[in-house]
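# Structural overview for review
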Amino acid sequence: MIRYDLLIVGGGLAGLSAALSADPKFKVAVISKVHPIRSHSVAAQGGINAALANHPDGAEDTCDLHAFDTIKGSDYLADQDAAELLTRLAIPTMYELDHWGVPFSRFPKGTIAQRPFGGAGFPRTCYAADRTGQVLLHTLYEQAVRRDITFYEEWLVTDIIIRDRKLAGLVAYDLAGGEIIPLRARAVIFATGGYGRVYQKSTNAYINLGSGIGMAYKAGIPLKDMEFVQFHPTSLLGKNILITEAARGEGVPTFTHFLDLPILFVIVALGTLRPTDWTLFLTGTGIAVLIAAGLTLMIPRLYPWGEAWPDGEPGRPGRPA
Ligand SMILES: Cc1cc2nc3c(=O)[nH]c(=O)nc-3n(C[C@H](O)[C@H](O)[C@H](O)COP(=O)(O)OP(=O)(O)OC[C@H]3O[C@@H](n4cnc5c(N)ncnc54)[C@H](O)[C@@H]3O)c2cc1C
């Protein structure tokens, strides 16, 4: 029987961070249904917010302002203590990642570069070109290998073993070997990512199906904040590939469909962004309304929301709506 002090299900950024934070005296293993560096975290492009105040327009930024923007951006639904802790720890975390070798983009004087992002009062998003998640995931994986953390990759966890109302271990399916394997652990962390793929349209990877959350639910473990599912309002029509959030950070107007009419939907107008130039915004709105009117006349329906995916669409097998 495989035994560990701590088993972490999930080899994305959350799982790897948990593994690296564990006390080295404990025997730790990470289980992942894909190779860790293929976890969905690899797709994150835009970056991470931290009030480093490196950007010339962000010299006044503080973690309190970052906390305020985070809570406001959540429509005041966020756990405010958690938001305060997150924003305070963001600064040392960024330097820790930097020291571990994350190749962040830089300003000419060598400081970590920052850019504007949705909902942020200052340019505070630290990034590595358009592949922030990829470089973070690779760096954390390298650090985990350096610390001899064991990985069970391409193992699908299927069940939580509960004995006497206590968690006793896990059941995993070794995808390559075809074996069902029980594992014992004194503690288990589930870092199985989001479940955007329960929706028909999502920018999430196809592996984000929520099996971790489903397993916990099946085992009778209470779930919290299930309504907080990340939704990207900017994606390519049809395939739902994300148009980087940095585009919204720069105030780019976007189109959506409402009441079957293409209408201009400007995130700025909903107050989620701070517009930097209202003149530009109004000019842009005028042009966009003209384009929208043209589209309404020329194309009756670009791609109606809520329609089932056509069966056999290239690159995507048919699936029920
Ligand atoms: C297109 C896109 C762009 C994004 N850009 C940004 C950005 O710029 N900045 C930002 O902060 N956030 C961004 N996000 C959000 C961010 O990517 C996620 O919040 C984050 O990557 C989640 O990390 P995670 O470790 O929790 O999950 P994941 O990276 O999804 O990892 C989940 C892990 O769980 C494993 N797993 C799941 N189920 C099982 C199972 N049953 N058995 C075994 N293993 C299992 C998987 O193999 C995987 O290793 C973006 C999201 C998307 C969709």
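Please read all numbers here as calculations on a predicted model, not as lab measurements. (Residues numbered from 1 in each chain as written. Predicted model: local features only at pLDDT ≥ 70, side-chain atom pairs only at ≥ 80, totals over all residues.)

### With respect to the overall build of the chain
Tallying secondary structure elements over the chain gives seven helices and eleven strands in all. The buried share of the chain, taken over its 321 residues, is 28%. Relative to all contacts within the chain whose residues are 6 or more apart in sequence, the contacts with residues 24 or more apart total 60%. (Helix = DSSP H or I, 4+ residues; strand = E, 2+ residues; numbered from the N terminus. Buried ≥ 20, exposed ≤ 12 C-beta atoms within 10 Å, placed from the backbone. Contact = placed C-beta atoms within 7 Å.)

### Overview of the sheet that holds strand E7 (residues 155-163)
Hydrogen bonds between backbone atoms are what pair the strands of a sheet, whose relative direction is either parallel or antiparallel. Within the open sheet, the six strands sit side by side as E6-E2-E1-E9-E8-E7. Their pairing is mixed. Each edge of the open sheet carries a strand with a single partner, namely strand E6 (150-153) and E7. Between one strand axis and the next, the sheet turns through 40° on average, direction left out of account. Judged from the eight bridges that link them, E7 and strand E8 (residues 166-174) form a sheet pairing that is antiparallel. Within E8, the position partnered with Leu 156 by the bridge is Tyr 173. Relative to the sheet, helix H5 (residues 211-218) contacts strand E1 (2-9), E7 and strand E9 (179-190), its axis offset from that of E7 by approximately 20°. (Pairing = 2+ DSSP bridges. Axes fitted to C-alpha atoms, helices over the stretch in contact; angles between N-to-C directions.)

### Re the sheet that holds strand E4 (residues 114-115)
Taken in spatial order, the three strands line up as E3-E5-E4 in an open sheet, and their pairing is antiparallel. A strand with exactly one partner marks an edge of an open sheet, and here the two such strands are strand E3 (48-49) and E4. Relative to strand E5 (residues 125-126), E3 runs antiparallel, the two being bridged by two bridges. Bridged to Ile 48 within E5 is Cys 126.

### Here we look at helix H2 (residues 63-73)
An α-helical turn contains 3.6 residues, so any two residues separated by three or four positions project in the same direction. Cys 63, His 66, Ala 67, Asp 69 and Thr 70 are the residues of H2 that are buried. Down the axis of H2, the buried set is contained in an arc of 165°. They therefore lie on one face. The elements touched by buried residues of H2 are E3 and helix H3 (80-100). A positive backbone phi angle near 60° is found at Asp 75, which sits one or two residues after H2. (Arc of directions from axis to C-beta.)

### Brief notes about the site of the ligand
Lining the immediate surroundings of the ligand are 36 residues, of which Gly 10, Gly 12, His 40, Gly 46 and Gly 193 lie closest. Residue assignment for the shell around the ligand shows that the elements contributing at least two residues are helix H1 (13-21), strand E2 (28-32), helix H4 (132-146), E7 and H5. Here the shell around the ligand is built from residues that sort into 13 nonpolar, 21 polar and two charged. (Near = placed C-beta within 6 Å. Nonpolar A, V, L, I, M, F, W, Y, C, P; charged D, E, K, R; others polar.)

### Structural notes on unusual backbone geometry
Not every positive phi belongs to a glycine, and Asp 164 is a case in point at roughly 50°. Within the secondary structure layout, Asp 164 lies in the loop between E7 and E8. Here the phi dihedral of Asp 225 falls at roughly 55°; this positive angle occurs in a residue that is not glycine. Here Asp 225 shows up in the loop between H5 and helix H6 (245-249).

### Side note on the packing of H2 against H3
Where H2 meets H3, the closest approach of the two axes is 9 Å, and the angle between their N-to-C directions is 135°. Judged by the inter-axis angle, H2 sits oblique to H3. The element H2 and its partner H3 pack so that their crossing is right-handed. Residues Cys 63, His 66, Ala 67, Thr 70 and Ile 71 of H2 form the contact with H3, whose participating residues are Gln 80, Ala 83, Glu 84, Thr 87, Arg 88, Ala 90 and Ile 91. (Parallel < 35°, antiparallel > 145°, perpendicular 65-115°, else oblique. Left-handed = near helix turned anticlockwise from the far one by under 90°.)

### Regarding the nonpolar core
Nonpolar side chains tend toward joint burial in soluble globular proteins. Core analysis: the largest hydrophobic core is formed by 43 residues, its most contacted members being Leu 7, Val 9, Ile 31, Cys 126 and Leu 170. By residue number, the principal contributor to this core is H4, which donates five residues. When residues of this core are sorted by domain, at least three fall in each of domain 1 (2-41 + 139-218) and domain 2 (47-129). (Core = buried A, V, L, I, M, F, W, Y, C linked by C-beta atoms within 7 Å. Domains from an automatic or database assignment.)

### So, the pairing of E8
Hairpin connection, E7 to E8: the antiparallel pair is bridged by two residues, and Asp 164 has positive phi, about 50°. Sheet topology places E8 next to E9; six bridges connect them, and they run antiparallel. Counted as the bridge partner of Leu 170 is Leu 183 from E9. Remark: four residues form the turn of the hairpin made by E8 and E9, two consecutive strands paired antiparallel; Gly 178 in that turn has positive phi of roughly 75°.

### Points about the pairing of E2
The element E2 is largely enclosed, with a buried count of five among its five residues. Side-chain alternation along E2 places Val 28, Val 30 and Ser 32 on one buried face and Ala 29 and Ile 31 on a second face that is also buried. Pairing analysis gives four bridges linking E1 to E2, with the strands arranged parallel. Paired with Leu 6 across the two strands is Val 28, which belongs to E2. Viewed along the sheet, the connection from E1 through H1 into E2 turns out right-handed. As paired elements, E2 and E6 share four bridges and run parallel to each other. Looking at E6, one finds that Ala 29 is bridged to Thr 150. (Right-handed = clockwise from strand over helix to strand, strands pointing away.)

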